[in-house]
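Take a look at the letters that make up each chain.
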Amino acid sequence: MDASRTHHPHGVTGTVALSSLPPQAARTVHLIEAGGPFPYPEDDGIVFHNYEHDLPSEPDGYYHEYTVPTPGADDRGARRIVTGRDGRYWWTGDHYESFERIELSP
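Description of the structure in this document. All figures in this text were calculated on a predicted structure; none of them were measured in a lab. (Residues numbered from 1 in each chain as written. Predicted model: local features only at pLDDT ≥ 70, side-chain atom pairs only at ≥ 80, totals over all residues. Heavy atoms only, no water.)

Observations regarding the pairing of strand 6 (residues 99-103)
Two faces, one strand: in a regular strand the side chains alternate between the faces of the sheet. Across 4 bridges, strand 1 (residues 12-17) lies against strand 6 in parallel orientation. Each residue of the ladder has a partner; that of V16, found in strand 6, is I102. Summarising the sheet, strand 5 (residues 89-92) and strand 6 pair through 2 bridges and their orientation is antiparallel. Paired with W91 across the strands is E100, a residue of strand 6. (Pairing = 2+ DSSP bridges. Helix = DSSP H or I, 4+ residues; strand = E, 2+ residues; numbered from the N terminus.)

Following this line, the structure appears as structure tokens:
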């Protein structure tokens, strides 16, 4: 883990405002709230299993993942939003190496 990051429980490194994330993240949140359509329909909305226990411990099926498109990428890229059944959102810009809780309100 990068020494400049503060360790938080469950591997979440802190919080981040949605407005400070790339604009594609806000578009993905809008699609999640609208129920789609998603850019990768076979992958978006699937269960995120939390095998590494980086997010708070919850039953399998609690978390779902969604692609945050990366401009210029020829694949899904590394950026994802993971949602919890309780309405919380997490950002990972590095394909699940680290997570930040997303603050949806400005």
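Section: the nonpolar core
Grouped together as the largest cluster of nonpolar side chains are 12 residues: V16, L18, L21, A25, V29, I32, Y66, V68, I81, Y89, W91 and I102. For this core, the secondary structure elements donating two or more residues are helix 1 (23-34) and strand 5. If you tally residues by element for this core, the top one is helix 1, at 3 residues. Not counting residues within four places of it along the chain, the set of residues in contact with W91 comprises V16, L21, P22, A25, V68, R79, R80, I81, S98, F99, E100 and I102. With 9 residues, the next largest nonpolar core counts V12, Y63, V82 and Y96 among its residues. (Core = buried A, V, L, I, M, F, W, Y, C linked by side-chain atoms within 4.5 Å. Buried < 20%, exposed > 50% of the residue type's maximum accessible area, 1.4 Å probe, protein only. Contact = heavy atoms within 4.5 Å.)

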